[in-house]
Amino acid sequence: MTDWFLAWRCGTPWSTVAPVMSPVHVIARLARIFAAYRRRTETVSPMPVRLWIESALCCNLRCTMCPNKDLPASDKTVMSWDLYRRIIDQAHTFANDIYLHHRGEPLTNPRLFDMIRYAREAGLKTRFHTNGALLTAERADQLLDASPNLVSFSVDGFDKESYESVRVGATFETTVDQIRHLAVRRRERGLKKPYLVVEKIRFQNPARPGDPAAVQALRQQFLSAGIDEVIEKDEYVWAGETPGVTLPPRTSSCCTFPWYAMVICADGTVTPCPQDFKARLVMGNAAQQSLRDIWNGPAYRALRHGFRTNVESLPICRDCDRLRRKTVGGIPLQYMATFLVDQLVGYGPLRRRLGTAERS
């Protein structure tokens with residue numbers, strides 16, 4: 001048991017004892033994970049470096065492309081504070097960063113900012129993705145006080161008509177003003193965090209090209225207000241949940257997620273990746289088991305075995321678009337570049353210069 005862990009157990013604040021992973025340490029861990037992935041080992045000794053922790057399955061909108069609107073109302077809940085603390089009390093010993101979002105809107109969880117602080121004090125980098133519609137001026141200051149590392153926003157139409165036709169339940173002007181206000185307040189308060197990203201989706205089914213002049217004008221408004229990046233991304237394809245989409249041929253037969261990441265749903269259900277929207281690939285439950293036991297438990301080992309021997313035996317994975325993208329060393333190039341920037345560069349001026357692999 002390490003000195004910092006003993007100190008924490010004795011009541012010393014996490015912020016003074018939490019371990020800090022040096023770049024050398026991070027690179028060494030990533031090399032071990034990559035080696036395990038290349039060998040297709042079914043038991044993986046390095047614990048996952050990245051966690052998706054679903055702070056909320058509730059959502060305030062009914063976006064046209066999102067399956068959330070079709071989930072039963074009884075399923076839509078937020079993660080309890082006790083479960084969240086149970087997860088962080090384990091994750092801080094091995095994870096590098098956490099995403100506090102998955103299938104719902106994080107700002108529907110009244111304790112979201114407490115979650116960010118608790119993870120930050122444990123030495124974990126935190127980030128979340130939001131539609132921005134609930135980000136009032138008061139909440140903007142609370143968010144800045146909580147100090148996550150990165151916040152990204154979906155603005156999936158850069159004019160009122162296209163935005164409101166996709167983000168059903170939101171008002172274009174309100175959302176844009178609230179995002180810009182957050183950036184301005186960060187600058188007024190002289191803060192460096194959070195790194196702020198606005199994302200625009202390139203829709204394909206059907207295509208929604210939009211007005212290029214309006215897109216460029218709003219892009220400039222965001223950057224002038226202080227947004228760090230405005231990026232354009234391809235429409236997200238949920239594995240097994242996006243009918244009518246024609247998938248290209250596979251470029252890889254093995255996904256990287258089961259070797260480096262873990263997703264924990266609001267009720268504690270653990271799944272191997274954020275593409276599994278309906279949590280069909282259940283690896284365990286964080287409310288009942290330790291994350292370490294789940295990571296190399298029977299379900300995870302069976303999944304890795306399936307990738308090693310026959311991807312066709314995995315109904316959701318065999319139809320996933322991640323296995324159909326340009327790869328380097330069997331890893332999707334787009335995600336690899338962004339992941340390495342996250343892990344090795346972090347969120348700051350250098351990242352702003354490098355951008356992400358998905359920058360428009």
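All values reported here derive from a predicted model rather than from experimental measurement.

The rules behind these values
Residues numbered from 1 in each chain as written. Predicted model: local features only at pLDDT ≥ 70, side-chain atom pairs only at ≥ 80, totals over all residues. Heavy atoms only, no water. Helix = DSSP H or I, 4+ residues; strand = E, 2+ residues; numbered from the N terminus. Contact = heavy atoms within 4.5 Å. Areas by Shrake-Rupley, 256 points an atom, 1.4 Å probe, with all protein chains shown as cover. Axes fitted to C-alpha atoms, helices over the stretch in contact; angles between N-to-C directions. Parallel < 35°, antiparallel > 145°, perpendicular 65-115°, else oblique. Left-handed = near helix turned anticlockwise from the far one by under 90°. Nonpolar A, V, L, I, M, F, W, Y, C, P; charged D, E, K, R; others polar. Buried < 20%, exposed > 50% of the residue type's maximum accessible area, 1.4 Å probe, protein only. Arc of directions from axis to C-beta. Salt bridge = Lys/Arg side-chain N within 4 Å of Asp/Glu carboxyl O.

> Would you mind going over the overall build of the protein chain in detail, with residue names and values included?
Within the protein chain, the secondary structure is distributed over 14 helices and eleven strands. Pairs at least 24 apart in sequence give 74% of the contacts found in the protein chain among residues at least 6 apart. Total accessible area computed for the protein chain in this model is approximately 15700 Å², and 53% of it derives from carbon and sulfur atoms.

> Which residues make up the packing of helix 6 (residues 137–146) against helix 8 (residues 172–188), and what values do they have?
In helix packing, the relevant descriptors are the interaxial angle and the interaxial distance, both defined with respect to the helix axes. Viewed as axis vectors pointing N to C, helix 6 and helix 8 meet at an angle of 45 degrees, and their least axial separation amounts to 10 Å. One finds that helix 6 runs oblique with respect to helix 8. The handedness of the crossing between helix 6 and helix 8 comes out as right-handed. Here Ala137, Ala140, Asp141, Leu143 and Leu144 of helix 6 come into contact with helix 8, specifically with His181, Leu182, Arg185 and Arg186. The residue makeup of the contact of helix 6 with helix 8, split by class, is five nonpolar, one polar and three charged.

> Describe in detail helix 6, supporting the description with residues and values.
Burial in helix 6 covers these residues: Ala140, Leu143, Leu144 and Ala146. Down the axis of helix 6, the smallest arc covering the buried residues is 160 degrees, so these residues share one side. For helix 6, the elements touching its buried residues are helix 5 (112–121), strand 3 (125–130), strand 4 (150–154) and helix 8.

> Break down the pattern of salt bridges for me, citing the residues and quoting the values.
Enumeration according to the criterion identifies 23 salt bridges in this entry. Its salt-bridge partner being Arg308, residue Glu42 comes within 2.6 Å of it at the nearest N-O pair. Of this pair, Glu42 sits in the loop between helix 3 (23–39) and strand 1 (50–53) while Arg308 sits in helix 12 (residues 298–309), and the two are 266 residues apart along the sequence. A residue is classified by how much of its surface remains accessible, and Glu42, at 24% relative accessible area, is partly exposed. Residues participating in the shared-partner salt-bridge network are Arg50, Asp97, Arg127, Glu229, Asp342 and Arg351.

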